[in-house]
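Close look at the chain arrangement
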Amino acid sequence: MLTKRLIACFDIRDKMVTKAHKFQNNIDIDRAETVAKKIYADQIDEIIFFDILASAEKRKIDIDTVKMVAENVFVPFTVGGGIRNLDDMYEVLKAGAEKISIDSMAVRNPQIINDGARAFGRQCIVLSMQVKKVDKSEKIPSGYEIAIDGARVFTGMDAVEWAKRGEALGAGEICVNSIDNDGTHQGYDIEITKMISDAVNIPVIASGGAGKPEHLLEVFSKTGASAGIISSMLYSPKMPRNYHVKEIKDYLIANGQPIRPYIL
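Cut-offs and rules
Residues numbered from 1 in each chain as written. Predicted model: local features only at pLDDT ≥ 70, side-chain atom pairs only at ≥ 80, totals over all residues. Heavy atoms only, no water. Core = buried A, V, L, I, M, F, W, Y, C linked by side-chain atoms within 4.5 Å. Buried < 20%, exposed > 50% of the residue type's maximum accessible area, 1.4 Å probe, protein only. Helix = DSSP H or I, 4+ residues; strand = E, 2+ residues; numbered from the N terminus. Contact = heavy atoms within 4.5 Å. Phe/Tyr/Trp six-rings, centres within 6.5 Å; stacked < 30°, edge-to-face > 60°. Axes fitted to C-alpha atoms, helices over the stretch in contact; angles between N-to-C directions. Parallel < 35°, antiparallel > 145°, perpendicular 65-115°, else oblique. Left-handed = near helix turned anticlockwise from the far one by under 90°. Nonpolar A, V, L, I, M, F, W, Y, C, P; charged D, E, K, R; others polar. Polar contact = N/O pair within 3.5 Å; in protein donor to acceptor, adjacent residues only side chain to side chain. Pairing = 2+ DSSP bridges.

On to the nonpolar core, then. In terms of nonpolar packing, the biggest core is built from 72 residues, with Leu-6, Phe-10, Ile-44, Ile-113, Met-129 and Ile-196 touching the most fellow members. Per-element tally for this core: the top contributor is helix α6 (residues 159–169), with five residues. When sequence neighbours within four positions are dropped, the list of residues in contact with Phe-10 reads Val-17, Val-35, Ala-36, Ile-39, Ile-47, Ile-48, Phe-49, Phe-50 and Tyr-235. If you look at the next biggest cluster of nonpolar residues, it comprises nine residues, including Cys-9, Ile-205, Ala-227 and Ile-229.

With that settled, consider the packing of aromatic side chains. Taken as a whole, this structure holds two aromatic pairs when the rule is applied. Between Tyr-40 and Phe-74, the ring centres sit 5.7 Å apart and the planes meet at 65°, which makes this aromatic pair edge-to-face. Pair noted here: Tyr-40 is in helix α1 (residues 32–41) and Phe-74 is in the loop between α2 (63–70) and β5 (77–80), with a separation of 34 residues, a long-range link. On the basis of relative accessibility, which here comes to 29%, the residue Tyr-40 falls in the partly exposed class. Geometrically, the ring pair formed by Phe-49 and Phe-77 is edge-to-face, given 6.1 Å between the ring centres and 65° between the ring planes.

A few words on the packing of helix α8 (residues 213–222) against helix α10 (residues 245–254). Relative to each other, α8 and α10 sit at 45°, their axes nearing to 9 Å. Between α8 and α10, the angle falls in the class oblique. α8 and α10 meet at a crossing whose hand is right-handed. Of α10, the residues touching α8 (which contributes Pro-213, Glu-214, Leu-216, Leu-217 and Phe-220) are Ile-248, Tyr-251 and Leu-252. In the contact of α8 with α10, the residues fall into seven nonpolar, no polar and one charged.

Let's shift gears to α6. All buried positions along α6 are accounted for by Ala-159, Val-160, Trp-162, Ala-163, Gly-166, Glu-167 and Leu-169. Capping the start of α6 is the job of one residue whose side-chain oxygen sits 3.1 Å from the backbone nitrogen of Val-160: Asp-158. Of the residues trailing α6, Gly-170 is marked for its positive phi of about 125°.

Along the polypeptide, Pro-261 turns up in the segment after α10. When the C-alpha positions of Pro-261 and Ile-12 are compared, they lie 29 Å apart, and in sequence the two are 249 residues distant. The residues touching Pro-261, leaving out its near neighbours within four places in the chain, are Gln-43, Lys-249 and Ile-253.

Here the focus is the pairing of strand β7 (residues 125–133). When you tally the buried positions in β7, you get seven out of nine residues, the bulk of the element. Note that strand β6 (residues 99–102) and β7 share three bridges and pair parallel. Its bridge partner lying in β7, Ser-101 is registered against Val-126. As judged from the six bridges shared by β7 and strand β10 (residues 173–178), these two strands associate in the parallel manner.

Structure (structure tokens):
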């Protein structure tokens, strides 16, 4: 059985890690490389870094910050935000990332998924999705709509259909980020995570809402998610307390989940 993965996600704004509630009211935490170094030392399995304003501001990703983070971590490192073409992908990989996350640009130009998979291998391409629960309709049969540009623009696209299309185009992994649950610490959106993990044959990352180890156990037990993002649990000042990676891994192992153990 494949081990589940714990992933720290950093939303980056002006070289700072920042935390939001439902994509709004951001609070800055610390410089990106400082937080990354600390989380890496705590034995996180992977790190994802999103330059959250790059797409909305129509600019390239902050390569200097990518390099500074990459110099301080030695686990799989995914980078997203402002990725517009193959040149941008190459620049991010050259700066030290192992994987590329595409979100808004993939909606605007789905061919970028295929181009990236062909150029760098589908294992490098992560399709990140911002999803919001809406009323079911003929156009959105799953009841979950895709948003872009930091959840500022809604597309009318069905989340499950977009996930399936992304896989067909060459995405090697899908990150499902719940707008409704983001920053709430009340748990992942189990419904959409299960729908998407049941609909595709590539790894799915659950994102948005984790506040305690029990939420990871729930998403791993009730869905086919292979990884969970736990950013708020690790460093958010809005949490009653922050957790160490060891605590989370010990809890999951004790409850029968296949997790890479913490090395003392």
